[in-house]
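Notes for the structure review
One-letter residues, chain by chain:
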Amino acid sequence: MALDTAIQTPPNFDVPGPKPAGHVCHLHYAPLWRDLVEQLPTLEGRVIDVGCGLQPYRKLLGSKVTEYVGVDRAGPLSHPDVEGDALSLPFEDATFDSLMSTQVLEHVVDPRKALVSMARVLKPGGRVVLTAPGTWPAHEVPYDFTRFTRWGLEVMFSEAGFTDVKIAAQGGTWATIGQMLALEVNHHSPFRLLVPLINRLFGYLERSSKAREDLVLNWLVTARKV
């Protein structure tokens, strides 16, 4: 699923990738892109992309990937190789070596069930790279159901059958405050001219201080199937 298809958003708002400092979503996409550039090339073998959307991150996969299968529901913002639902992935058990899923879990009615479904189609030892929001405005409404905490993700992944679960914040308190402010002023001309200044100021605060996790923009989760 595309991340940013909320009502009243600017053109190209739903195009993932690195964003310039003046972009309204710079504070969100900078750490998200950085982590995916680092993690996705490490996946191997047959890879399933759950909620692939338009497959924007497929190009980041490395040479050890033998097959890529994007799964999503049909729609204007998706181009799946196989149509399917995250709650009941249409594959046999232990079919894939690796799994990726970016900004999808919040759009699933039952994220715990979705993680169980993901674990089922992975081979033992199979790797997962997943991202999900901690703080974000409503988007893709009415199909927007959940936000996540570090502790909630830890419990859900463990209960779904994953081990070696590692969770990293993608933007702490300063980045979160700055991103929410940038999104809000972007709706109000001429205040949207302040967006580049907000990005630079709150980006500096995020980098120059120990980033707290009272508020987190997004989460990166890596894990292995038991």
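Definitions and cut-offs
- Residues numbered from 1 in each chain as written.
- Predicted model: local features only at pLDDT ≥ 70, side-chain atom pairs only at ≥ 80, totals over all residues.
- Heavy atoms only, no water.
- Buried < 20%, exposed > 50% of the residue type's maximum accessible area, 1.4 Å probe, protein only.
- Helix = DSSP H or I, 4+ residues; strand = E, 2+ residues; numbered from the N terminus.
- Pairing = 2+ DSSP bridges.
- Right-handed = clockwise from strand over helix to strand, strands pointing away.
- Phe/Tyr/Trp six-rings, centres within 6.5 Å; stacked < 30°, edge-to-face > 60°.
- Lys NZ or Arg CZ within 6 Å of the ring centre and 35° of its normal.
- Axes fitted to C-alpha atoms, helices over the stretch in contact; angles between N-to-C directions.
- Parallel < 35°, antiparallel > 145°, perpendicular 65-115°, else oblique.
- Left-handed = near helix turned anticlockwise from the far one by under 90°.
- Contact = heavy atoms within 4.5 Å.
- Nonpolar A, V, L, I, M, F, W, Y, C, P; charged D, E, K, R; others polar.

Before going further, it helps to spend a moment on the pairing of strand β4 (residues 96-102). Of all seven residues in β4, six are buried; the element is thus mostly enclosed. Across three bridges, strand β1 (residues 45-50) lies against β4 in parallel orientation. By the bridge assignment, V47 is partnered in β4 with S98. Considered for its hand, the β-α-β crossover made up of β4, helix α2 (residues 111-121) and strand β5 (residues 122-133) is right-handed.

Moving on, we get to the packing of aromatic side chains. Per the counting criterion, the structure on display carries four aromatic pairs. Between F157 and F162, the ring centres sit 5.3 Å apart and the planes meet at 50°, which makes this aromatic pair tilted. Using a relative accessible area of 0% as the deciding quantity, one classes F157 as buried. A relative accessible area of 5% places F162 in the buried class. Taking the ring centre of Y29 as reference, the NZ or CZ of K19 above it sits at 5.2 Å.

Once that is clear, we can look at the packing of α2 against helix α3 (residues 150-160). One way to put it is that α2 packs onto α3 with a least axis distance of 9 Å and a crossing angle of 45°. Taken together, the axes of α2 and α3 lie oblique to each other. At the point where α2 passes α3, the crossing takes the right-handed sense. From α2, P111, R112, L115, V116 and A119 reach across to α3, where they touch V155, M156, F157, E159 and A160. Looking at side-chain class alone, the contact of α2 with α3 contains eight nonpolar, no polar and two charged residues.

Here we come to the sheet that holds strand β2 (residues 65-72). Strand order in this open sheet of seven strands is β3-β2-β1-β4-β5-β7-β6, and the pairing throughout is mixed. The open sheet is flanked by β3 (82-83) and β6 (162-169), the only strands paired with a single partner. Pairing of β1 with β2, which is carried by six bridges, proceeds in the parallel orientation. Within the sheet, the bridge partner assigned to V47 lies in β2 and is Y68. Contacting β1, β4, β5, β6 and β7 (218-225), α2 crosses the sheet at an angle of about 145° to β5.

Just distances and angles here, no functional claims.
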